Amino acid sequence: MRSQPPRLLAASLLVALTASPLAASPLAAPAVAAAEYERVLNGAFDTGSADPWWSGAGVTNRVTGGELCASVTGGTANPWDALIGQNGVPFESGQSYTFSFDAHATTAQPVTAAAGESVSPYRGIASQTFTLSPAKQRFTFTFTSTLDFPDAGNGQVAFQLGGQSFDNTICVDNVSLVGGVKPPGGVNPNPTRKVQVDLAAYVPGLPKRATLVSTATTPQQWTLKNSAGAAVATGQTTPKGADATSGDSVHLIDFSSYDTAGTGYTLSVGEDSSFPFDISADPVKRLRYDSLAFFYHQRSGTPIEARYVGDEYARPAGHVNVAPNQGDNNVPCRADLACGYTLDVRGGWYDAGDHGKYVVNGGIATWQLLNAYERAVRIGDASAFADGTMNIPEKANGVPDLLDEARWEADFLLKMQAPDGMAHHKIHDANWTALPTRPELDDQPRRLSATSTAATLNLAAVAAQASRLWQGIDATYSATLLTAARKAYAAAKANPAKLADPNDGTGGGAYSDNTVSDEFYWAAAELYATTGDTAYRTDVTASPHYRAAGLSRAGFYWGGTAPLGDITLALAPNGLPAADVAAIKSAFATVADQHLAAMGQMGYAAPYDNSVDGYVWGSNSAVLNNAQVLALAHDFTGAAKYRDGVFEALHYVLGRNPLSTSYVAGYGEQAMRNAHHRFWANQNDPSLPIAPPGSLSGGPNSALQDPVAQRLLAGCPQQKCWVDDIGAYSLNEVAINWNSALAWVSGWAAEKSGTSVPASDCQVGFTANRWQNGMSAQVKITNTGTAAWPAWKLAFALPGTQRVTSGWSATWSQTGQDVTAASASWNSEVGAGKSVYIGFNASGAGTDPTAFTVNGRTCKTG
Ligand code: 9MR
């Protein structure tokens, strides 16, 4: 069971509350006779879940025997130093409230019940102190609210449990806050349509399907209209009946036969019309880069500059030791660990809407970006990710931009390695911060959590994968990565069951993972693919996950990583038996077929298995990770049906769903805006921006694990358990491991959407004089494009045993057969139509290279 991070720990709120007078009985008569509205969620703890109650530092919450029991560590000075509470509680100014609860404590002590504001300035409404004893008692007090917090706003109830020298266990039950006049609940403010389409675009030449919401049992006529409102195609729907996952009765519409590119189409049935959409490959090609831009936005430790993101998204560097930040350059372990050192862990990406940085989740996100690149190099088109394709500071350094972005996080992962080779699980704030909190204004102390086997294996896997990809690009970096990977793997084998604490969820997410056999398999697979070492091969083939044994419709996620090893073994050349590699590939096709079969039954087709847990936290990332499985099945077999399945998944995420909403910001007329994010917090502070284009919402979560979701969406059909509200962190957050899935899939889809690849802009002429065991080569590099290169890097494979012994007019290096030549300062700029001449001497025997790239783009030869 995954645990839910508590949010918005408002210690100073409770300071304010204790200073306020004790609550009075009703002073003023309510303006309107109050109905008996219960304002607290899950006050009875009958389901065994603590959601949405949170606990603060030094407190661990557990539901046991139908009560919420908090284990409190003694030795705190003030009552508010140990807290449990619930946020998003609505209050209306001038209305009367009765706060009541059952409680008992193992050792008698005073406890304060408080109501107030969950974010700065933490104003109090009322509080009262009661003495608890081992016998369960019921406590009640009544007060009038002085503050107004609409539904799901910043209201809070909390219990202050601190100020005692001893450890204690305090249990509460039947917690209730009754009062106010406004009926509870609400609706998704986004209007829904009856005709559901991909709000961005359908790609010409590929299937185009939509969904009609209708209880009619007979086929209905649909009409496709162009932007001028003229009908361009008509057809009949196929009735499908009730669809439990969405709660809709549906018909399918297939308008694949219409294939004229254009913008502003609508699809209508009777009076009902869809939102407008395009028939075009452009949006998916844009999304390839917008989804990647997300990672630059999330960078920690560097200013986010307007020239890359525009004024509204620019911000100063976060967590670099400029007050009030406490900075990431000298971070100690949590006090209870006493690890005896500090680490400089500046950099990396913020995980999500919070400012935590987690090795486990950083691992899968980096891997997925690097895998998009590796797949493109081996079986796709890597020029889409070449230098100059992304708008980032490294866009003219001669290295493919996707690798530059991934390196930002890979460098951070390396920094999280402890002296013994293990990796710290995570680094984050000591306490949760309020929404909004700009990164550079976060004043919380930063702390390292303990090292863990899972984090260490994430580091081993990603560093080994990265080492392989940087081999021909930066041999020194590649070697550094491999050393770290080997060391991490050895450390994990020596500490095979050092599990992260599932209760370590204050100030950051827990990301705990009790099963690490999958991480062992993944790391061994990456190390084997990179090194060919027998020891790693033995671990790969002995793993219970070998040959995609773990691949199912459940796919993969940060806690289930075995398929990542399978993907690498299927893509990167290695010495495994061909039959075993074939078995891995065929497992992808088998699971992809299962997805297609299930999608054929769905009202809103998405490769997603809801049979076990419904729609889970981050369901959109599962849809897209499964789309990656479909895409690879297409790569391995060539079957068009799998490609079509990938586009179906994108259509679901981009608007063909029961909420008529695109979960990708900036894509479609009704798209996600109010992501749970501390900087893109426009909903809370209009001076801040909304989520930038290309960022993906976590998506429907039928477990409703936050107070906003619980208040607004109780009883929702699974695919409708979503709302575009900043407070709904269990279903509308963004995260690096979710956007990496969007980047992988949209990059793949863009590649399959026609001629999207930047045209080759280079030509290489190669001539060599050979003698026995030696040669001397001259290379002419011409910029055949229309723009000057600010710098260049040539790469090619030198056949046979030939080894570069010296070179001129460039910085030459060689790893294996991979040779690179990087521009010198005096010849780095090459204008359009201009050439540079370089050369080298080599020892050994072999033939001329046959293929060259400059800045990652394939060149013409001759
Ligand atoms: O993505 C994570 C999801 O699988 C878990 O169920 C959830 C609760 O533990 O946590 C999610 O990860 C969050 C992390 O803990 C903190 N940063 C934000 C992440 C996305 O919501």
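Residues numbered from 1 in each chain as written. Predicted model: local features only at pLDDT ≥ 70, side-chain atom pairs only at ≥ 80, totals over all residues. Heavy atoms only, no water.

Counting its regular elements, the protein contains 15 helices and 37 strands. Relative to the globule expectation of 29 Å for 862 residues, the C-alpha radius of gyration of the protein, 29 Å, shows essentially globular dimensions. Judged by the C-alpha coordinates and their principal axes, the protein covers about 100 × 70 × 50 Å. Considering only intrachain contacts with a sequence separation of at least 6, the fraction spanning at least 24 residues in the protein is 74%. (Helix = DSSP H or I, 4+ residues; strand = E, 2+ residues; numbered from the N terminus. Rg over C-alpha atoms; globule rule 2.2 N^0.38 Å. Contact = heavy atoms within 4.5 Å.)

Enumeration according to the criterion identifies 4 disulfides in this entry. The side chain of C333 participates in a disulfide bridge whose partner is C339; the two sulfur atoms lie 2.0 Å from each other. On the S-S bond that ties C333 to C339, the torsion sits near 95°, and the link is right-handed. Note on C333: relative accessible area 8%, which makes it buried. Between the sulfur of C716 and that of C721 lies a disulfide, 2.1 Å long from S to S. Across the S-S bond linking C716 and C721, the dihedral sits near 105°, which makes this disulfide right-handed. (Disulfide = S-S within 2.5 Å. Buried < 20%, exposed > 50% of the residue type's maximum accessible area, 1.4 Å probe, protein only.)

Reading across the sheet, the 5 strands line up as 32-33-30-35-36 and stay open at both edges, with antiparallel pairing between neighbours. At either end of the open sheet lies a strand with only one pairing partner, and these are strand 32 (810-815) and strand 36 (857-858). By the bridge criterion, 2 bridges tie strand 35 (residues 852-854) to strand 36 in an arrangement that is antiparallel. Bridging across to strand 36, V854 finds its partner in R857. (Pairing = 2+ DSSP bridges.)

In this section: the pairing of strand 25 (residues 426-429). For strand 23 (residues 357-358) and strand 25, the ladder comprises 2 bridges, and the chain directions are antiparallel. The partner of K357 across the bridge, within strand 25, is I427. In this structure, strand 25 lies alongside strand 26 (residues 446-448), joined through 3 bridges in antiparallel fashion. In the strand pairing of strand 26, I427 is matched with L448.

Looking now at the sheet that holds strand 13 (residues 209-213). Strand order in the open sheet formed by 4 strands is 11-13-17-16, with antiparallel pairing between adjacent strands. Two strands in the sheet have a free side with no partner beyond their single neighbour: strand 11 (195-196) and strand 16 (238-243).

The geometry of an aromatic ring pair comes down to the distance between the two centres and the angle between the two planes. Counting across every chain of the model gives 42 aromatic pairs. Measuring from centroid to centroid gives 6.4 Å for W53 and F159, while their planes differ by 25°, and the two rings are stacked. Taken together, the positions of W53 in the loop between helix 1 (11-19) and strand 1 (54-55) and F159 in strand 9 (residues 155-160) put the pair 106 residues apart, joining distant regions of the chain. Across the pair, exposure class does not vary: W53 and F159 are buried alike. Between F101 and F139 the ring centres are 5.5 Å apart and the planes differ by 40°, which places this aromatic pair in the tilted class. Taken together, the positions of F101 in strand 5 (residues 96-105) and F139 in strand 8 (residues 137-144) put the pair 38 residues apart, joining distant regions of the chain. Classification of F101 by relative accessible area gives buried; the value is 1%. Taken together, the ring pairs connect F45, W53, F91, Y97, F99, F101, F130, F139, F141, F143 and F159 into an aromatic cluster. Here R407 stacks its cationic end above the ring of Y477, 3.4 Å away from the centre of that ring. (Phe/Tyr/Trp six-rings, centres within 6.5 Å; stacked < 30°, edge-to-face > 60°. Lys NZ or Arg CZ within 6 Å of the ring centre and 35° of its normal.)

This part takes up the domain arrangement of the protein. Along its sequence, the protein is organised into domain 1 (10-179), domain 2 (185-297 + 578-757), domain 3 (303-576) and domain 4 (762-861). Each of domain 1 and domain 3 has a C-alpha centre, and the two are 39 Å apart. If you look at the interface, domain 1 gives 6 residues, while domain 3 gives 5 residues. Here domain 1 meets domain 3 over a buried area of about 350 Å², counting both sides, of which 54% is carbon and sulfur. If you sort the residues of domain 1 by the area they bury against domain 3, A57, T60 and V119 come out on top, with a joint share of 63%. Taken together, the connections running from domain 1 to domain 3 amount to 0 salt bridges. Residues belonging to the side of domain 1 that touches domain 3 are distributed by class as follows: 3 nonpolar, 3 polar and no charged. (Domains from an automatic or database assignment. Buried area = accessible area lost by both parts, 1.4 Å probe. Salt bridge = Lys/Arg side-chain N within 4 Å of Asp/Glu carboxyl O. Nonpolar A, V, L, I, M, F, W, Y, C, P; charged D, E, K, R; others polar.)

Once that is clear, we can look at helix 15 (residues 736-751). Between its first and last C-alpha atoms helix 15 spans 22 Å; for 16 residues at 1.5 Å apiece the expected length is 22 Å, and the two agree. Most of helix 15 is tucked away: 16 of the 16 residues are buried. (Expected span 1.5 Å × (residues − 1).)

Right, let's talk about the pairing of strand 10 (residues 168-179) for a bit. With 10 of its 12 residues buried, strand 10 lies for the most part within the structure. With 5 bridges connecting them, strand 3 (residues 67-72) and strand 10 associate as antiparallel partners. Bridging from a neighbouring strand, C69 pairs with C171 of strand 10. Of the pairings in the sheet, the one linking strand 5 to strand 10 comprises 8 bridges and is antiparallel in character. Paired with D102 across the two strands is D173, which belongs to strand 10.

Okay, the pattern of salt bridges next. For side chains bearing opposite charge, pairing can occur when the charged atoms are close. Counted by the stated rule, this structure contains 36 salt bridges. The partner of R209 in a salt bridge is D254, with the nearest N and O atoms 3.5 Å apart. Taken together, the positions of R209 in strand 13 and D254 in strand 17 (residues 248-254) put the pair 45 residues apart, joining distant regions of the chain. Given a relative accessible area of 28%, R209 falls into the partly exposed group.

The next point concerns the environment of N78. For N78, the position within the fold is in the loop between strand 3 and strand 4 (83-87). The class for N78 is partly exposed, based on a relative accessible area of 26%. Distance in space between the C-alpha atoms of N78 and I379 is 62 Å, their sequence separation being 301 residues. If we skip the residues at most four places from it in the chain, N78 touches G162 and G163.

Let's shift gears to the side chain of N674. Inspection of the secondary structure assignment puts N674 in the loop between helix 13 (640-653) and helix 14 (707-713). The exposure class assigned to N674 is buried, which follows from its relative accessible area of 14%. When neighbours within four sequence positions are excluded, N674 is seen to be in contact with Q683, D724, D725, I726 and N732.

Turning next to the side chain of D248. Note that D248 resides in strand 17. In this structure D248 comes out as buried when scored by relative accessible area, which is 8%. Within the local environment of D248, its side chain forms a polar contact with the side chain of Y604, the two groups lying 2.7 Å apart. Among the polar contacts listed, one links the side chain of D248 to the side chain of K720, at a separation of 2.6 Å. The contacts of D248, once residues within four sequence positions are left out, are V213, G241, A242, D243, Y604, P658 and K720. (Polar contact = N/O pair within 3.5 Å; in protein donor to acceptor, adjacent residues only side chain to side chain.)

Where helix 2 (residues 282-297) contacts helix 15, the two axes come as close as 8 Å, and the packing angle between them is 155°. On the basis of the axis angle, helix 2 is roughly antiparallel to helix 15. The two elements helix 2 and helix 15 cross, and the hand of that crossing is left-handed. Facing helix 2, whose interface residues are V284, K285, L287, R288, S291, L292, F294 and F295, helix 15 presents I736, N739, S740, L742, A743, S746, G747, A749, A750 and E751. Among the residues forming the contact of helix 2 with helix 15, the class breakdown is 10 nonpolar, 5 polar and 3 charged. (Axes fitted to C-alpha atoms, helices over the stretch in contact; angles between N-to-C directions. Parallel < 35°, antiparallel > 145°, perpendicular 65-115°, else oblique. Left-handed = near helix turned anticlockwise from the far one by under 90°.)

What follows covers unusual backbone geometry. In the segment running from A323 into P324, the intervening peptide bond is cis, with an omega of 5°. Relative to the helices and strands, P324 is located in the loop between helix 3 (306-309) and strand 21 (331-332). At F45, a position not held by glycine, the phi torsion is positive, near 55°. Take F45: it is sitting in the loop between helix 1 and strand 1. With relative accessibility at 1%, the residue F45 sits in the buried group. Even without a glycine there, the phi angle at L704 is positive, about 40°.

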